[in-house]
Amino acid sequence: MDKEQEQMAEEAATEDSQEASEQENGQELSPEELGRLLEDARNKADEHWDQVVRTRAEMDNLKKRHQRELENAHKYGLEKFVGELLGVWDSLEMGYEAAKENHDVEKLLEGTELTLKMLSDAMNKFGVEQIDPQGQPFDPELHQAMSMVPTDDVPPNTVVQVVQKGYSLNGRLVRPAMVMVSQPAS
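Residues numbered from 1 in each chain as written. Predicted model: local features only at pLDDT ≥ 70, side-chain atom pairs only at ≥ 80, totals over all residues. Heavy atoms only, no water.

1. Comments concerning the sheet that holds strand β5 (residues 172-175)
Move 1: Spatially, the three strands line up as an open sheet ordered β1-β4-β5, and their pairing is antiparallel. Both edges of this open sheet fall to β1 (128-131) and β5, since each of them pairs with a single strand only. Strand-to-strand twist in this sheet, taken as the mean axis angle between neighbours without regard to direction, amounts to 35°.
Move 2: With four bridges joining them, β1 and strand β4 (residues 166-169) adopt antiparallel strand pairing. (Pairing = 2+ DSSP bridges. Helix = DSSP H or I, 4+ residues; strand = E, 2+ residues; numbered from the N terminus. Axes fitted to C-alpha atoms, helices over the stretch in contact; angles between N-to-C directions.)

2. So, the pairing of β5
Move 1: In the sheet, β4 pairs with β5 via three bridges, with the strands oriented antiparallel. Within β5, the residue paired with Y167 across the bridge is R175.
Move 2: The turn joining β4 and β5, which pair antiparallel and follow one another in sequence, is formed by two residues; a positive phi near 50° is taken by N170.

3. Comments concerning the confidence of the model for the chain
Move 1: When pLDDT is averaged along the chain, the result is 87, and 86% of the positions lie at 70 or above.
Move 2: Taken as a whole, residues 19-23 scores under 50 in pLDDT and shows zero contacts with residues more than four places along the chain or in a different chain. (pLDDT = per-residue confidence, 0-100. Contact = heavy atoms within 4.5 Å.)

4. Quick word on the sheet that holds strand β6 (residues 177-183)
Move 1: The strand order β2-β6-β3 describes an open sheet built from three strands, whose pairing is mixed. Looking at which strands have only one partner, the edges of the open sheet turn out to be β2 (143-150) and β3 (159-164). Averaged over all neighbouring strand pairs, the angle between strand axes comes to 25°, with direction disregarded.
Move 2: Two strands pair when backbone bridges link them, and β3 and β6 are joined in this way by four bridges, in the antiparallel orientation. Following the sheet pairing, V159 is matched in β6 by V181.

5. Overview of helix α3 (residues 79-101)
Move 1: Between the first and last C-alpha of α3 there are 33 Å, a value that for 23 residues agrees with the 33 Å anticipated at 1.5 Å per step.
Move 2: Those residues of α3 that sit buried are F81, V88 and S91. (Expected span 1.5 Å × (residues − 1). Buried < 20%, exposed > 50% of the residue type's maximum accessible area, 1.4 Å probe, protein only.)

So this is what it looks like as structure tokens:
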């Protein structure tokens, strides 16, 4: 059955191609008609070429615009972050000037506390979190052990002192916390 269908399809295709070539041979076109067909083909080719040139120019402009936007993102990506930190900078400068003129420790402490709060708020706003593992189990992914301290007060491998706090940015570790870790007393 399949061979018969294939043979019939081949015969039909052969007949169609023979009919098409007979029609072409039977229809002779005048030179004017050939000229018109050629002119139409040229016009279509010119239109297509114009579209290609315009598309290329548009792609080049898009590429240049994307490159400019990327450069600006690199240059000015920290603009909001810097804007938040400028208030902290101003506060530190005012505190420094106040410390030179006035030796009231209470006011200096209060100003320093407010400045630290401003800094903490600015950092948190941009996804910077402080890692302060005091009293927590030692985690080598977040902490860097500076030394071991023998003690019986806390369980072994517990952070007993934070030498330097660590920081993460949007969940990615930026700097591990430098810590001292407990070990059993001998």
